[in-house]
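For reference, the chains in residue letters:
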Amino acid sequence: MLTQFSQSEESLNTFAPRLLNWFAENGRHDLPWQQHQTDTPNPYIVWLSEVMLQQTQVTTVIPYFARFMDTFPTVQDLAAADWDTVAEHWAGLGYYARARNLHKGAKQLVEIIDETGDFPQTLKGWEAISGVGPSTAGAIMAMGLHRYGVICDGNVKRVLTRWAAIDGDITKSATTKALWALAERLTPNENSGLFAQAMMDMGATLCVRRNPNCQLCPLQKDCIAHAEGRETDYPVKAKKKPKPSKFSNALIIGNEQGEVLWLQRPDNGIWGGLWSLPLEFIEKTEGQKSRKMATGTQKLNVRSNEKLYETEFTTAEQIINDWLHENELVAQPVSSTLLDDAPIKHSLTHFHWYLQPQRLVIDKAQVLELNDKLNAANIAFKWLDKQQALDGLGLPRAMEKIIAI
DNA sequence: TTCCAGCCGT
DNA sequence: ACGGCTGGAA
């Protein structure tokens, strides 16, 4: 079965040489993960940088990459590290499942290296590593091993949907398939690593989402979207649903030494594996806030739709919320201004989150009681002052915002 | 202030 | 098909 492409054979055949020529003369060659590149490619550097770059821009990744390479110069160093050290290095980059998969992947890689003497050498071998999917595996094959590899990430999809006027929704599997087929058709057998870098660089610097710089583009003469003046109509994506809003109290529970209680979040869900203040989900309806009660303790009127939020309590938060309620302890709102509450707004993938810091100081006996309850449930927790928390814990940005008040 | 991109796991 | 985070741009 011959796949049909909207571009001519001539255009398909000259795509790679035009792009490679542009990259050689105008591309970026001094990114940190490129500087480390020599005639002997380093799969560790490519794997680490590609995972960091999966959902994050180059300028954001640069300092994180430098710090990772400093602390974990080899995959063995990363595999041997404690999770908390890895989390602290990743904190702020977001999508923390990437960090958990990276750490797990390092252990998988070390096991393979111990068995075979080297990193995986095949696409399938890399795709078996946690956190490595088809595009990252292709990038590692091409740039990390100097073998043949095809990438089809967001940059590539933007370039190709414009150049070939592919107007299917790129979130649909049929369109994804077509884009991969085109990417494979265009990737040269030689220098697929340079080609991958060139595609990503072109997409990131010229063929950008808004105001693409078509004048400098080596693909301009046969770009269908450009010919139609419809560059920004591509790529086609389904419209997004509006995000709902959620409201939570972030409990700053202090002891008499001025230390605050921190909880490690479970691996799944928001901020998985990082540290957070205990959260107390609240429901906001028609301007009224009502305190959310954990299962089994509700003495207040329970609304019929409250179950929607129950699963969002972690076990630790249920214990703390129950204990506070039993002891009739109520935290007081902390305001950045004297006059009114100023919740921290934090937007996540599919909802906006309003976090209201609330403070409460408990005495020595209460601390011991709470510690006992958390220990009994095997909860990971720490009492730390602000600076200790900032320096020693992997904190999500939202927590940094809260303790900055 | 609001909107948006982005790849993998489940 | 959906959830996950943040910084940058409009």
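Residues numbered from 1 in each chain as written. Chains lettered and ligands numbered in written order. Predicted model: local features only at pLDDT ≥ 70, side-chain atom pairs only at ≥ 80, totals over all residues. Heavy atoms only, no water.

**Thoughts on the pattern of salt bridges**
Taken as a whole, this structure holds nine salt bridges when the rule is applied. With a closest N to O distance of 3.1 Å, Arg 230 and Glu 228 form a salt bridge. What makes Arg 230 partly exposed here is its relative accessible area of 33%. Within this structure, Glu 228, Arg 230 and Asp 233 form a network of salt bridges that share partners. (Salt bridge = Lys/Arg side-chain N within 4 Å of Asp/Glu carboxyl O. Buried < 20%, exposed > 50% of the residue type's maximum accessible area, 1.4 Å probe, protein only.)

**Re the nonpolar core**
If you look at the biggest cluster of nonpolar residues, it comprises 101 residues, and the most contacted ones within it are Phe 15, Trp 47, Trp 126, Trp 262 and Trp 271. The residues contacting Phe 15, other than those within four sequence positions of it, are Val 159, Leu 160, Trp 163, Leu 186, Phe 195, Met 199 and Leu 219. If you look at the next biggest cluster of nonpolar residues, it comprises 19 residues, including Leu 261, Ala 331, Val 367 and Ile 379. (Core = buried A, V, L, I, M, F, W, Y, C linked by side-chain atoms within 4.5 Å. Contact = heavy atoms within 4.5 Å.)

**Focus on the environment of Ala 380**
Along the chain, Ala 380 turns up in the loop between helix H16 (364–376) and strand E9 (381–384). For Ala 380, a relative accessible area of 30% puts it in the partly exposed group. Beyond its immediate stretch of four places on either side in the chain, Ala 380 contacts Trp 262, Leu 263, Gln 264 and Trp 275. (Helix = DSSP H or I, 4+ residues; strand = E, 2+ residues; numbered from the N terminus.)

**Details of the domain arrangement of chain A**
Along its sequence, chain A is organised into domain 1 (9–233) and domain 2 (245–403). With ten residues of domain 1 in contact, the opposing surface of domain 2 contributes 17 residues. Buried area between domain 1 and domain 2, both sides added, is near 910 Å², and the carbon and sulfur share of it is 49%. Taken together, the connections running from domain 1 to domain 2 amount to zero salt bridges. Inspection of the domain 1/domain 2 interface yields five residue pairs in polar contact (both at pLDDT 80 or more). (Domains from an automatic or database assignment. Buried area = accessible area lost by both parts, 1.4 Å probe. Polar contact = N/O pair within 3.5 Å; in protein donor to acceptor, adjacent residues only side chain to side chain.)

**Things to note about the packing of helix H4 (residues 58–71) against helix H6 (residues 83–90)**
Contact geometry of H4 with H6 gives a least axis separation of 9 Å together with a crossing angle of 155°. Taken as axis vectors, H4 and H6 run roughly antiparallel relative to one another. Where H4 abuts H6, its residues Tyr 64, Arg 67, Phe 68 and Thr 71 lie against Val 86, Glu 88, His 89 and Trp 90. (Axes fitted to C-alpha atoms, helices over the stretch in contact; angles between N-to-C directions. Parallel < 35°, antiparallel > 145°, perpendicular 65-115°, else oblique.)

**A few points about the protein's contact with DNA strand C**
Among the 19 residues in the neighbourhood of DNA strand C, the closest are listed as His 346, Ser 347, Thr 349, His 350 and Arg 397. For DNA strand C, the backbone makes up 67% of the atoms found within 4 Å of the protein, where backbone means sugar plus phosphate. Here a phosphate oxygen of DNA strand C sits 2.7 Å away from a polar atom, N or O, in the side chain of Tyr 96. Residue composition of the surface near DNA strand C, grouped by class: six nonpolar, eleven polar and two charged. (Near = heavy atom within 4 Å. Nonpolar A, V, L, I, M, F, W, Y, C, P; charged D, E, K, R; others polar.)

**Remarks on the UniProt feature "domain: HhH-GPD" (unreviewed entry) in chain A**
In the UniProt entry, the feature "domain: HhH-GPD" (unreviewed entry) is given for residues 52–205. The span residues 52–205 is 68% helix and 0% strand, and its two end C-alpha atoms sit 19 Å from each other. (UniProt positions renumbered as here; feature names shortened; annotations may be inferred.)

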